[in-house]
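So the chains spell out like this:
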Amino acid sequence: MVAAFENTDQVNFFTLEYLHLYISIFVAFLNSAINGYDLSLINGLLGMKQFNETFVGPGADAKSWDVGTKALLFAMLQIGSMLGCLLSSWPMDYFGRRGGMIIGSCIVIIASLLSALTNSLTSFMAGRFVLGFGIVFVTTAAPVYVAEVSHPTFRGRAAAIYNTGWFVGSIPAAAIVYALRNMPGNEAWRIPVAFQAVFSGLVLVASFVIPESPRWLLAKGHRREAMAFLAKYHANNKLDAEIVQLQLREIEKSLDEEKQQESYRFASFFKSKSSRHRALIILSVAFFSQFAGNWVPTYFQTQVTEYFGIVGEDKTLLLNVVTGGISFVASIIGASLVDKFGRRPFMLFGQMGYTLWYLLIMIFLGIYYNGLSNSDEATGPPWAGITAFVLLELFAVNYSICWTPLNALYPVECLNYGARSKGMAMCQMLINVANILQSYVLSYGLQSFRWKFFAFYFLFNLFSVVVVWLIFPETKGRTLEQLDQIFEDPSPVKASLEVPKAPEIFEAYPVSMGVMRPRRRVEFELPMH
C-alpha cells in the first residue's frame, strides 16, 4: 500500500491540544515516580534510627536486622507485584489504559496509608505486599499509554523520558527522610511512608480528564473516537490529514492480523520464532536491568557506604539524596539522546560500562582492604575507598543514561499491539522475580562476602554484553506496527541494522522548532508480514 503526502500545511506542536497531550503524558510519567519513591524510601528508612527502633528494638540500626527479615522487607513489594502481574493486563485491556492507572492508584493509596499507620512489622510487610500489587497495575499501563498516545515524531523520546520519572519519586523520598532524620518519635518515618500516596492521588484525579489510547479505542471498535484523537492530538484537528489516515490504516491492519494470529493469549509468545524472540528479549531486559548492580547504589546504598570508609547516619542519608539527583540528570541526558544514537548502541555501551565500573571498584577496594584476604578491616589508603565510591556513583550515572530510559521503552517497542498489555505484564512479573532473587542474593552475598560480592556483577554484566550483541535488534526509526516486520525476518538483528527502504512518518514530517513540516510529496510502503 502506498500513501502520499501532497499538502504543505504545517503541524504546530505548540497548541492547546498538544499542551493537553503533554500533560496527559506527564500524568503517566508520575506512575514511574510511584515506583521510584518506594525504592529510595526503604533505602533511607533503613538508615533512620526511628524506623529501626520501631521494628527491631531500642538502639537498633540497619545491621540489627536479621538478614532474612531484611531481605523479606525488600521482597514483599516484589512478591505483591509478581502476583499482581497475573491480573495487571486485565483492567487495561477491558477498561482502557487509563483504567489500569486508576485501579492501581487506588490500591497504592490504601497500601501507603496502611503501612504508615501500623506499629507491627507484619502489618508493614502486608502493606508493602498490597503496595506492590498496585504498583504493577500502574507501571504496566503507563508506559503502554505513553507509547500509544505520543506523536510518532517524539514517541521514542516520550517513552524514554517515562522511566526517568523514577527519580521524580526517589529524590523527594530521600530528601524527606533526610529532612526528618532528627524528628523525635515515629512520625519521622510515618510521614515519608504516607507521602507515597500523593503521587497516586494526583494520577487518580488526572486520569479522569486525559484522553484514552487510540489503539485501545480501535481495538474496542470505537473508530470515530480514535480518529478524533489522532486528528486532535496528531494533526491540529485535521481529520483528512495523511498522518491520521495512515495511522488508522496501520493500526487496523495490525489489529486484524493479530486477531487471526490469536496474539492476545500468553501462550502466543511461544507459538512462533518471532514470538519466542520477543519473549527472550523481555526475559533478558528484566534480568539485565535488575542484575546490573543497580541495587547497590539504590536500595542498599545506606548499608554499603561503610565498605568505602563512609560512616554516620547524616552522611549516608545525604548521599542517598545526592545519588538520586545526579542519576536524575543523567537519565534526562540519556532520554534526550536515545533517539539520536539508537537503542542497541545504548544497551551495548551500558553493559560494557557496567562491567568496567565494577572491575575498577573491585580493584580499588582491593587496594583499600590491602588484598582479598583482608575483607573486614580496611588497612589501605583511605583515598582508595573514596575512589571506589566515586566509581560506584559513575556506575549509577552510566546506568541512568542507558538502562533507565530503555527499561520501559524497549519492551513496548518489541511487542505488537495484541501482545503489548500481556507482554508488559510478563515483563513486570519477570522484573519482580529478578528483584525478589536480588533481595536475597544481595542480602546474603554482602553478609557472606562483603565488598567482594561485587565481583558477581562484573561477571554477570560481561555475560550480558554477549547476549545483547546477539539477540537485541535496533528499534529506532520505525512505528510500533512497522517493527513487526523486523521480528518476522529470519535475521531480526541484521534486518534492524539496515536502513529502511522507505521513509517513516517522522522522516516525512521533519520537526523544526516545534513545527512538523510535511514534504511536498513523500511515498512510502506500509510493511507487509
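Structure: above.
Values in this document were obtained by computation on a predicted structure and should not be read as measured data.

**A few points about the pattern of salt bridges**
Then, number 1: Enumeration according to the criterion identifies nine salt bridges in this entry.
Then, number 2: For D93, the salt bridge goes to R97, with nearest N and O atoms at 3.6 Å. Of the two residues, D93 and R97, neither departs from the other in class, the shared state being buried.
Then, number 3: For R223, the salt bridge goes to E252, with nearest N and O atoms at 2.5 Å. Taken together, the residues R223 in helix 10 (residues 223-234) and E252 in helix 11 (residues 242-260) connect sequence positions 29 residues apart.
Then, number 4: Its relative accessible area of 37% is what places R223 among the partly exposed residues.

**A few points about empty space enclosed by the protein**
Then, number 1: Using the criterion set out here, one finds four cavities of 30 Å³ or more in the structure.
Then, number 2: Of the voids in this model, the largest cavity is the one considered here, and its volume is about 660 Å³.
Then, number 3: Around the largest cavity sit 41 residues that line it, and N35, L39, W166, Q290 and N407 are the ones nearest its centre.
Then, number 4: For the lining of the largest cavity, the secondary structure elements donating two or more residues are helix 1 (16-45), helix 3 (67-94), helix 5 (121-149), helix 7 (165-179), helix 14 (313-341), helix 16 (382-414) and helix 17 (417-449).

**Some remarks on the environment of A206**
Then, number 1: Positionally, A206 belongs in helix 8 (residues 187-206).
Then, number 2: It is 9.3 Å that separates the C-alpha atoms of A206 and I23, two residues lying 183 residues apart in sequence.

**Side note on the nonpolar core**
Then, number 1: If you look at the biggest cluster of nonpolar residues, it comprises 143 residues, and the most contacted ones within it are L45, F51, F308, L365, F454 and F472.
Then, number 2: At 15 residues, the largest contribution of residues to this core is made by helix 16.
Then, number 3: Contacts of L45, omitting those with residues within four sequence positions, involve F51, N52, V177, W189, P192 and V193.

**A few points about the packing of aromatic side chains**
Then, number 1: By the definition in use, this model includes 45 aromatic pairs.
Then, number 2: Taking the centre distance of 6.1 Å and the plane angle of 40° together, the rings of F395 and Y399 count as tilted. With a gap of four residues between them, F395 and Y399 both fall in helix 16, about one helical turn apart. Taken as a pair, F395 and Y399 share a single burial class, namely buried.
Then, number 3: Above the plane of the ring of Y178 lies R181, whose end atom (NZ or CZ) is 3.9 Å from the centre.
Then, number 4: For R344, the ring lying beneath its charged end belongs to W469, and the centroid distance is 5.0 Å.

**What to know about the layout of surface pockets**
Then, number 1: By volume, the largest pocket is sized at about 620 Å³.
Then, number 2: As for the largest pocket, its lining consists of 29 residues, of which A62, K63, K70, Q303 and E306 are closest to the centre.
Then, number 3: If you list the elements that add at least two residues to the lining of the largest pocket, you get helix 2 (49-55), helix 3, helix 13 (301-304), helix 14 and helix 17.
Then, number 4: Looking at the lining of the largest pocket element by element, the count peaks at four residues for helix 17.
Then, number 5: Taken together, the residues that form the lining of the largest pocket break down as 13 nonpolar, nine polar and seven charged.

**Focus on helix 1**
Then, number 1: End to end, helix 1 covers 42 Å across 30 residues, agreeing with the expected 44 Å (1.5 Å per residue, within 8%).
Then, number 2: Among the 30 residues of helix 1, 22 are classified as buried, and the element is accordingly described as predominantly covered.

Reading the values: the criteria
Residues numbered from 1 in each chain as written. Predicted model: local features only at pLDDT ≥ 70, side-chain atom pairs only at ≥ 80, totals over all residues. Heavy atoms only, no water. Salt bridge = Lys/Arg side-chain N within 4 Å of Asp/Glu carboxyl O. Buried < 20%, exposed > 50% of the residue type's maximum accessible area, 1.4 Å probe, protein only. Helix = DSSP H or I, 4+ residues; strand = E, 2+ residues; numbered from the N terminus. 1 Å grid on protein atoms, 1.4 Å probe; cavity = no way out; pocket = protein on both sides within 12 Å on 5 of 7 lines; lining within 4 Å. Points joined across faces, edges and corners; volume = space filled by probe spheres on them. Core = buried A, V, L, I, M, F, W, Y, C linked by side-chain atoms within 4.5 Å. Contact = heavy atoms within 4.5 Å. Phe/Tyr/Trp six-rings, centres within 6.5 Å; stacked < 30°, edge-to-face > 60°. Lys NZ or Arg CZ within 6 Å of the ring centre and 35° of its normal. Nonpolar A, V, L, I, M, F, W, Y, C, P; charged D, E, K, R; others polar. Expected span 1.5 Å × (residues − 1).

Any functional reading would require information that these geometric values do not contain.
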